Amino acid sequence: MTEKKLYIPWAEKKKGLGHIVGEEKIAKAWDRNENLFFYYIMWLGTF
Amino acid sequence: MEKSAEELYNERLLRLKMAFNLQEPDRVPMFIAADSWVAHYSGFTIQDIAYDYNKLFTAHEKVIQDFDCDCVWSAAGIWPAAVFDAVGGTQFMSMAASASPETPYQFPDVSHMEAEEYPELIADPYAFIIEKILPRRCSELAEPFPRNALALAKGALAFGQYLDRLGAAYQRWVQVYGVPILIGGLAPAPFDILADHFRGIRETLIDIKRRPEQVKAACEAILPLAVRFATTSYGGPSRGFSPVFIPSDTAMFLRPVDFEQFFWPTLRGLVEALAEMGLNSYLFVEGNWDPYVEYLAELPKGKVLVHLENTDIERAKVAVGKTVCLAGNVPCSLLGYGTEDEVIAYAKNLIDKVAPGGGFILSSDKILITPTDAKPKNLLALTKFVKEYGVYKK
């Protein structure tokens, strides 16, 4: 599988950003939004 | 003294959980799989409840109040029309484009994918959905940038608003009426995603003859997306019970040998993956699954609810009743056109034959969509009868 970068988990996003203050909160919010967007795309694709 | 909402909630949840876990609860649990039927029952049109969330939740709330069931099936069966309008949805012909505000969603069998595109789908199914399927299903997403991006954003806003309202309604129903919400998440079977939404049913049935390996590979590629669809759509207050809804509608078109090769492996894979994550599954198996019932015995024990439509439920009880909880299957034809006595006679036989030993939840055989799917007086007679006759004698 050759995946394009259409889903970007926080672990991927944070690369190269250096030190991040409050990363846990940012990571949670980022991934929640990625998940919600994935749900939206799948919903559009199958409804 | 009347029970509090919390007491009712705990009582109903325990009843459902015990049935789900293949045990005998205090009595047979039951639910009404009420979809757009709630609109007509509450004096609205389907268009009303698809566009106005207040009316959608008011309609469901009236059904909750009038029919004493053990859970709400789901209020998410009425899809938010504003999202479809924003993205120019064409797959489901909504009431806005149909002849009457009373018309339910219609589903034309359309192919959004060429046979030559299987390798692309298999290589990266998520990218394929975004780049190929969505612009073909949604006219606004086929427009040049920035109109397509704005349409996707407008749809996302409408979708987020809908989810917020849905979550709030569920919370209210739990707190005020003490009713658990049955469906906790969503993920169609991988073969159904391919056949219903990408390639088309007719074309897929041809593909399994002409390019069988690509169909199998496509289902396997879609499987991880289906698992993630289930987990990202999962919500609700009763995690640990509320199962992921897995509608399965194209299996009935397959020969058993094709079912075994093309449909079953990734459906089983989906259920097993969810079970490993601690999530239950709710297979809504449309049509007649008599030729495939035995396969259900391969599923994780006590983790799956199987809602049967035209399948012989008595035979299913014998074949897989020690592995999966069965739900069903009072015919909508009887609920809609029969008498109260006929409904009760059917329910009595169902309870006599399928309830012993537990692992059974009584419901209609189909989702209630149109007014003729059930007379309210028949549903009232049914709920009253199940509460009286469905008691397990210890």
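Residues numbered from 1 in each chain as written. Chains lettered and ligands numbered in written order. Predicted model: local features only at pLDDT ≥ 70, side-chain atom pairs only at ≥ 80, totals over all residues. Heavy atoms only, no water.

Draft legend 1. Fine view of the overall build of chain B. Each helix and strand in chain B was counted, giving 16 helices and 6 strands. Taken over the C-alpha trace, chain B has a radius of gyration of 21 Å; the compact-globule value for 394 residues is 21 Å, and the two agree within 12%. Its C-alpha atoms give chain B principal-axis dimensions of about 65 × 45 × 40 Å. A buried classification covers 58% of the 394 residues belonging to chain B. Looking at chain B as shown, the accessible area adds up to about 15500 Å², and 55% of this sits on carbon and sulfur atoms. Distance from the positive charge centre (38 side chains) to the negative charge centre (50 side chains) of chain B: 3 Å. (Helix = DSSP H or I, 4+ residues; strand = E, 2+ residues; numbered from the N terminus. Rg over C-alpha atoms; globule rule 2.2 N^0.38 Å. Buried < 20%, exposed > 50% of the residue type's maximum accessible area, 1.4 Å probe, protein only. Areas by Shrake-Rupley, 256 points an atom, 1.4 Å probe, with all protein chains shown as cover. Lys, Arg positive; Asp, Glu negative; His and termini not counted. Charge placed at Lys NZ, Arg CZ, Asp CG, Glu CD.)

Draft legend 2. Structural context of the sheet that holds strand 1 (residues 185-186) of chain B. All names here are of chain B. Strand order in the open sheet formed by 6 strands is 1-2-3-4-5-6, with parallel pairing between adjacent strands. Edge strands, defined here as strands with exactly one partner in the open sheet, are strand 1 and strand 6 (360-364). Pairing between strand 5 (residues 325-330) and strand 6: 5 bridges, direction parallel. For Leu326, the partnering residue across the bridge sits in strand 6 and is Phe360. (Pairing = 2+ DSSP bridges.)

Draft legend 3. Broad picture of helix 15 (residues 340-354) of chain B. Residue and element names in this part refer to chain B. Between the first and last C-alpha of helix 15 there are 21 Å, a value that for 15 residues agrees with the 21 Å anticipated at 1.5 Å per step. Listed as buried for helix 15 are Val343, Ala347, Leu350, Ile351 and Val354. Looking straight down helix 15, one finds that the buried residues subtend no more than 95 degrees of arc, so they occupy a single side. (Expected span 1.5 Å × (residues − 1). Arc of directions from axis to C-beta.)

Draft legend 4. Representation of the nonpolar core within the structure. Residue and element names in this part refer to chain B. Core analysis: the largest hydrophobic core is formed by 149 residues, its most contacted members being Trp173, Leu194, Leu283, Trp289 and Leu362. Sort the elements by how many residues they give to this core and helix 8 (residues 147-177) lands first, with 11 residues. Residue contacts for Trp173: discarding those within four places in its chain leaves Phe57, His60, Glu61, Ile64, Val72, Ala75, Gly178, Val179 and Ile181. (Core = buried A, V, L, I, M, F, W, Y, C linked by side-chain atoms within 4.5 Å. Contact = heavy atoms within 4.5 Å.)

Draft legend 5. How the structure looks around the pairing of strand 5 of chain B. Most of strand 5 of chain B sits inside the fold, with 6 of its 6 residues counted as buried. In this fold, strand 4 (residues 304-308) of chain B hands off to helix 13 (residues 313-320) of chain B, which returns the chain to strand 5 of chain B; that crossover is right-handed. (Right-handed = clockwise from strand over helix to strand, strands pointing away.)

Draft legend 6. Molecular detail of the pattern of salt bridges. Residues and elements named next belong to chain B. Scanning all chains against the criterion turns up 31 salt bridges over all chains. The shortest N-O distance in the salt bridge between Lys62 and Asp66 comes to 3.0 Å. With Lys62 and Asp66 both in helix 4 (residues 53-66) and 4 residues apart, this pair spans about one turn of that helix. For Lys62, a relative accessible area of 32% puts it in the partly exposed group. (Salt bridge = Lys/Arg side-chain N within 4 Å of Asp/Glu carboxyl O.)

Draft legend 7. Seen up close, the environment of Ala29(A). In this structure, Ala29(A) sits in helix 2 (residues 23-46). On a C-alpha basis, the gap between Ala29(A) and Thr46(A) in space is 26 Å, while along the polypeptide they are 17 residues apart.

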